[in-house]
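Take a look at the letters that make up each chain.
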Amino acid sequence: MALERERRLIAWLRDARTVAIGYSGGVDSAYLAAVAVEALGPDRVLGIVGRSATYPESQWRTASDLAARIGLHLLELNTDELNDPNYAANPANRCYFCKAELWSVLVPAARLHGMEVVVDGTNADDTHDYRPGAAAAREHGVRSPLAEVGLAKADIRERSRARGLPSWDQPSSPCLASRIPYGTAVTVERLQRIGDAEAALRAIGVRGDLRVRHHDDLARVELPSDEIGRWLEPTASRRLRKAVLDAGYSRVAIDLRGFRSGSLNILGGVRGGGE
Amino acid sequence: MSATDLASDLRTLGLACVVEARDRLAVLRPRGDVASLAQPDARAAVLRAARARGFTHVALELDGAGDAPVSRD
């Protein structure tokens with residue numbers, strides 16, 4: 001089934017002729033870029049990265065390394081969503097304002113580079129989640145070929161693995177603002193603290209899906225459920241606590257359920273579970 | 001949501017802690033041995049108790065005394 005959907009994706013891309021991809025280096029956009037480069041050739045595909053404080057530096061390194069590996073031409077553009085008060089106030093539809101800023105920069109840049117169709121990495125699963133950013137994509141004429149041909153996350157991981165893409169088992173990596181509860185302002189300082197804490201936890205060996213959820217002075221750490229017991233052991237928990245305190249939090253707690261996509265949507269009473 | 005009620009429920013599960021309610025997040029501040037929480041079944045029981053009191057999230061604070069919570073007497 002996944003292979004058949006991939007064939008439909010290749011046909012979709014060939015119909016498009018030239019595509020600019022909103023590229024983050026995550027599982028979905030990396031796969032889409034790899035298939036597009038193969039289907040159209042590298043000169044008919046452009047990956048565009050929107051850079052801001054919400055985009056972790058570590059992810060940028062991964063994204064650029066992967067682009068070089070698959071032959072994707074990259075264009076890096078700065079976006080400025082933090083200066084939009086609608087975004088910074090962090091309402092439940094924050095992602096709409098972020099994506100509106102992103103596409104207002106990326107779509108004209110794509111046209112300037114001669115790309116006819118602008119696409120994103122939204123997959124078939126995403127269409128079932130609360131994703132206010134999707135409205136901004138539609139308003140700017142951005143298409144979602146993975147979703148349109150029915151490729152779900154599991155399909156994308158399967159096909160990425162078959163293609164030898166190192167991203168195949170990469171944890172999902174939504175923007176850092178997704179760690180801040182709705183109604184708490186998104187600031188550069190908070191994003192930096194969250195990013196530093198997550199990087200420190202990776203450095204001490206935390207594997208798999210990880211989120212540092214920001215609750216003012218308290219960092220609530222979500223780990224994969226099968227990792228929680230290990231990090232509650234005395235030596236490990238001391239290391240974990242120190243790593244997060246060093247990033248600037250004054251209190252650290254481990255979530256007892258573990259990682260949940262859209263955890264703060266649930267906490268905030270917002271429908272849907274995705275980030 | 002009542003932090004006091006949840007703390008009482010958790011005591012019956014053998015878990016001594018102060019519960020701090022932050023909206024629908026319950027932060028557990030251990031006041032005794034919580035070594036059992038390394039086990040998935042024990043965590044599941046805590047989550048059920050919290051859900052019954054209206055909390056959607058439960059987090060165990062790592063204490064500030066330099067000892068990991070699971071090692072405390």
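Before going into details, it helps to say that this report is about the structure given with it. (Residues numbered from 1 in each chain as written. Chains lettered and ligands numbered in written order. Predicted model: local features only at pLDDT ≥ 70, side-chain atom pairs only at ≥ 80, totals over all residues. Heavy atoms only, no water.)

**Points about the sheet that holds strand 1 (residues 19-22) of chain A**
All names here are of chain A.
Then, number 1: Pairing within the open sheet is parallel, and its four strands lie in the order 3-2-1-4. Each edge of the sheet is formed by a strand with only one pairing partner; in this case those strands are strand 3 (73-78) and strand 4 (117-119). Taking each pair of neighbouring strands and ignoring which way they run, the sheet shows an average axis angle of 25°.
Then, number 2: Of the pairings in the sheet, the one linking strand 1 to strand 2 (residues 45-51) comprises four bridges and is parallel in character. Paired with Gly-22 across the bridge in strand 2 is Ile-48. (Pairing = 2+ DSSP bridges. Helix = DSSP H or I, 4+ residues; strand = E, 2+ residues; numbered from the N terminus. Axes fitted to C-alpha atoms, helices over the stretch in contact; angles between N-to-C directions.)

**Some points on the sheet that holds strand 2 (residues 25-30) of chain B**
Then, number 1: Taken in spatial order, the six strands make up an open sheet running 5(A)-6(A)-7(A)-3(B)-2(B)-1(B), and their pairing is mixed. Taken across any chain shown, the strands that pair with only one partner, and hence form the sheet edges, are strand 5 (211-215) of chain A together with strand 1 (17-22) of chain B. The sheet shows a mean angle of 30° between the axes of neighbouring strands, direction not considered.
Then, number 2: Sheet analysis places strand 2 of chain B next to strand 3 (residues 57-61) of chain B, joined by four bridges and oriented parallel. Counterpart to Leu28(B) in the pairing with strand 3 of chain B is Leu60(B).
Then, number 3: Most of the contacts of helix 11 (residues 234-246) of chain A go to strand 7 (residues 251-255) of chain A, to which it runs at about 130°, and overall it touches strand 6 (218-222) and strand 7 of chain A.
Then, number 4: Relative to strand 1 of chain B, helix 1 (residues 3-12) of chain B is tilted by about 145°, and along the sheet it contacts strand 1 and strand 2 of chain B. (Contact = heavy atoms within 4.5 Å.)

**Comments concerning the side chain of Arg260(A)**
Then, number 1: Residue placement: Arg260(A) occurs in the loop between strand 7 and helix 12 (263-267).
Then, number 2: Summary of buried charges: Arg260(A) has no salt-bridge partner, and the nearest side chain of opposite charge, Asp255(A), is 5.0 Å away.
Then, number 3: At a separation of 3.4 Å, a polar atom in the side chain of Arg260(A) contacts the side chain of His57(B).
Then, number 4: Those residues in contact with Arg260(A) that lie beyond four places of it in its chain are Arg213(A), Glu222(A), Ile266(A), Thr56(B) and His57(B). (Buried < 20%, exposed > 50% of the residue type's maximum accessible area, 1.4 Å probe, protein only. Lys, Arg positive; Asp, Glu negative; His and termini not counted. Salt bridge = Lys/Arg side-chain N within 4 Å of Asp/Glu carboxyl O. Polar contact = N/O pair within 3.5 Å; in protein donor to acceptor, adjacent residues only side chain to side chain.)

**Description of the interface of chain B and chain A**
By convention, interface size is frequently given as the accessible area that disappears when the constituent parts associate.
Then, number 1: If you look at the interface, chain B gives 28 residues, while chain A gives 28 residues.
Then, number 2: Taken over both partners, the interface formed by chain B and chain A buries close to 2,300 Å², and the fraction arising from carbon and sulfur atoms is 58%.
Then, number 3: Counting the surface chain B buries against chain A, the share from its top three residues, Arg43(B), His57(B) and Leu62(B), is 28%.
Then, number 4: Applying the counting rule to chain B against chain A returns three salt bridges. (Buried area = accessible area lost by both parts, 1.4 Å probe.)

**Thoughts on the environment of Ala100(A)**
Residue and element names in this part refer to chain A.
Then, number 1: Residue placement: Ala-100 occurs in helix 5 (residues 94-112).
Then, number 2: Residues Ala-100 and Gly-183 lie 83 residues apart in sequence; the distance between their C-alpha atoms is 19 Å.
Then, number 3: Residues in contact with Ala-100, not counting those within four places in the same chain, are Ala-136 and His-140.

**So, the pairing of strand 3 of chain B**
Then, number 1: Strand 3 of chain B sits mainly inside the fold: five of its five residues count as buried.
Then, number 2: Across three bridges, strand 7 of chain A lies against strand 3 of chain B in antiparallel orientation. Bridged to Ile254(A) within strand 3 of chain B is Leu60(B).
Then, number 3: On the question of chirality, the crossover connecting strand 2 of chain B to the parallel strand 3 of chain B by way of helix 2 (residues 40-52) of chain B is right-handed. (Right-handed = clockwise from strand over helix to strand, strands pointing away.)

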